[in-house]
Amino acid sequence: MNNIDGITLIKAASAIGAGLAMIAGIGPGIGEGYAAGKAVEAVARQPESQGLVTKTMLIGCAVAETTGIYGLFIALALLFFNPLL
Amino acid sequence: MEGPRIFFTLPFFGGININETEINLTIVTLILLVLSLVLTHRMEKIPRKKTQILAEKIVITIDNLVEQTMGKRYMNFAPYMMTIFACSLIGSLIGLVGLRSTTQDFNTTLTWALATAFFIHYVGFKYSGFVGYLKSFTEPVKFLTPINLIGIVTTPMSMSLRHFGNVLGGSIIMSLLYTALGSLSSMINIPIPILEVGIPAILSLYFDLFSGVMQAFIFCMLTMAYISNVGPSDDIA
């Protein structure tokens, strides 16, 4: 344990932090699944409105995905252009 | 993962770096230019050639989409929407032939998002006047004004980050897969990386093809939704 310097410690902590940041992927997963489930219900009730429902669902999924993308961005920042180093 | 390669440096303003993204964007522009020249070559009043029918089909599709989403008032936004869509689509799909996708660079998507943000404020300014434009920040209630002011910055930020992050995430997963398959095939002592043939195509179908088309579509849809939200709707006019 004596030959660990500060830089190595920061690198190791950043790797753990990047992993923790990707926990943000849970939220969009649940949200998009919920949106897709509701879209299936809507199509089952009104099959003729399938095109509109699909379009709206994809937009909603894209908006729900944003927080996950932010998490990915933090993880990438910690791994590739770390501001702490 | 590494950034775009820098090819050469222009000697103005203390050196402007010309990198892979800019070269590829020029290629995309040339592709679109040639495509539109070929599709609109020798147009006739009654279309007989397949190219003209295809061109009319594309234009009618985008016109219908803009009319459905934004209303008849905003029909002059249809060419802008088509430009963004085509540029984003070809820019993402160019990654399939081995070039670096132009949307893999944050600068590209940020430019489009800033153009969209300009149009959002321009339309709000044009339809409600200077006072009305300033007043729109105090809606729906007065104490939400700071949040509305933050919204000026966060709207283009989230739009550009969404597009960029999706394409970048897909490309990272693809490069991880290629590395894994390469080391796997070197593990079983084959000189040619035979596992890299065919298997990545299945994932590439989703991460490059579907994601590229989807993000181009979503960027256009969000642009249309944001722009038509600030102006008056069809019922008032």
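Whatever comes next refers back to the structure up there.
The rules behind the values
- Residues numbered from 1 in each chain as written.
- Chains lettered and ligands numbered in written order.
- Predicted model: local features only at pLDDT ≥ 70, side-chain atom pairs only at ≥ 80, totals over all residues.
- Heavy atoms only, no water.
- Axes fitted to C-alpha atoms, helices over the stretch in contact; angles between N-to-C directions.
- Helix = DSSP H or I, 4+ residues; strand = E, 2+ residues; numbered from the N terminus.
- Parallel < 35°, antiparallel > 145°, perpendicular 65-115°, else oblique.
- Nonpolar A, V, L, I, M, F, W, Y, C, P; charged D, E, K, R; others polar.
- Contact = heavy atoms within 4.5 Å.
- Buried area = accessible area lost by both parts, 1.4 Å probe.
- Salt bridge = Lys/Arg side-chain N within 4 Å of Asp/Glu carboxyl O.
- Polar contact = N/O pair within 3.5 Å; in protein donor to acceptor, adjacent residues only side chain to side chain.
- Pairing = 2+ DSSP bridges.
- Left-handed = near helix turned anticlockwise from the far one by under 90°.

A.B. asks: Quick question: what am I supposed to make of the packing of helix α5 (residues 145–187) of chain B against helix α6 (residues 199–230) of chain B here?
C.D. replies: To characterise two packed helices, one gives the angle between the axes of the helices and the distance between these axes. All names here are of chain B. Direction vectors running N to C along α5 and α6 enclose 180°, while the axes themselves pass 10 Å from each other. In terms of orientation, α5 lies roughly antiparallel with respect to α6. Classifying every residue of the contact of α5 with α6 gives 14 nonpolar, eight polar and two charged.

A.B. asks: I keep staring at the interface of chain A and chain B and nothing clicks. Help me out?
C.D. replies: Often the size quoted for an interface is simply the accessible area lost on bringing the parts together. Across the boundary between the two partners, chain A contributes 13 residues, which contact 18 residues of chain B. The junction of chain A with chain B conceals about 1,400 Å² of combined surface from both sides, 79% of it contributed by carbon and sulfur atoms. Here chain A is connected to chain B by zero salt bridges. Remark: the boundary between chain A and chain B carries four residue pairs in polar contact (both at pLDDT 80 or more). Residue composition of the side of chain A that touches chain B, by class: ten nonpolar, one polar and two charged.

A.B. asks: Looking at this structure, I do not really get the pairing of strand β2 (residues 16–19) of chain B. What am I missing?
C.D. replies: Successive residues of a regular strand alternate their side chains across the two faces of the sheet. All names here are of chain B. Direction of pairing for strand β1 (residues 6–10) relative to β2: antiparallel, over a ladder of four bridges. Of the residues in β2, the one forming a bridge with T9 is N17. Following β1, the chain reverses through five residues before pairing antiparallel with β2; F13 in that reversal takes a positive phi of roughly 50°.

A.B. asks: Help me understand the packing of helix α4 (residues 106–135) of chain B against α5(B), please; the structure alone is not making it clear to me.
C.D. replies: Residues and elements named next belong to chain B. At their nearest, the axes of α4 and α5 sit 8 Å apart, and the two run at 145° to each other. Of the two possible hands of crossing, α4 and α5 adopt the one that is right-handed. Where α4 abuts α5, its residues F106, T109, L110, W112, A113, L114, T116, A117, I120 and H121 lie against I152, T155, P156, M157, M159, S160, L161, H163 and F164. Tallied by class, the residues present in the contact of α4 with α5 amount to 13 nonpolar, six polar and no charged.

Scope: geometric values only; no functional claims are made or implied.
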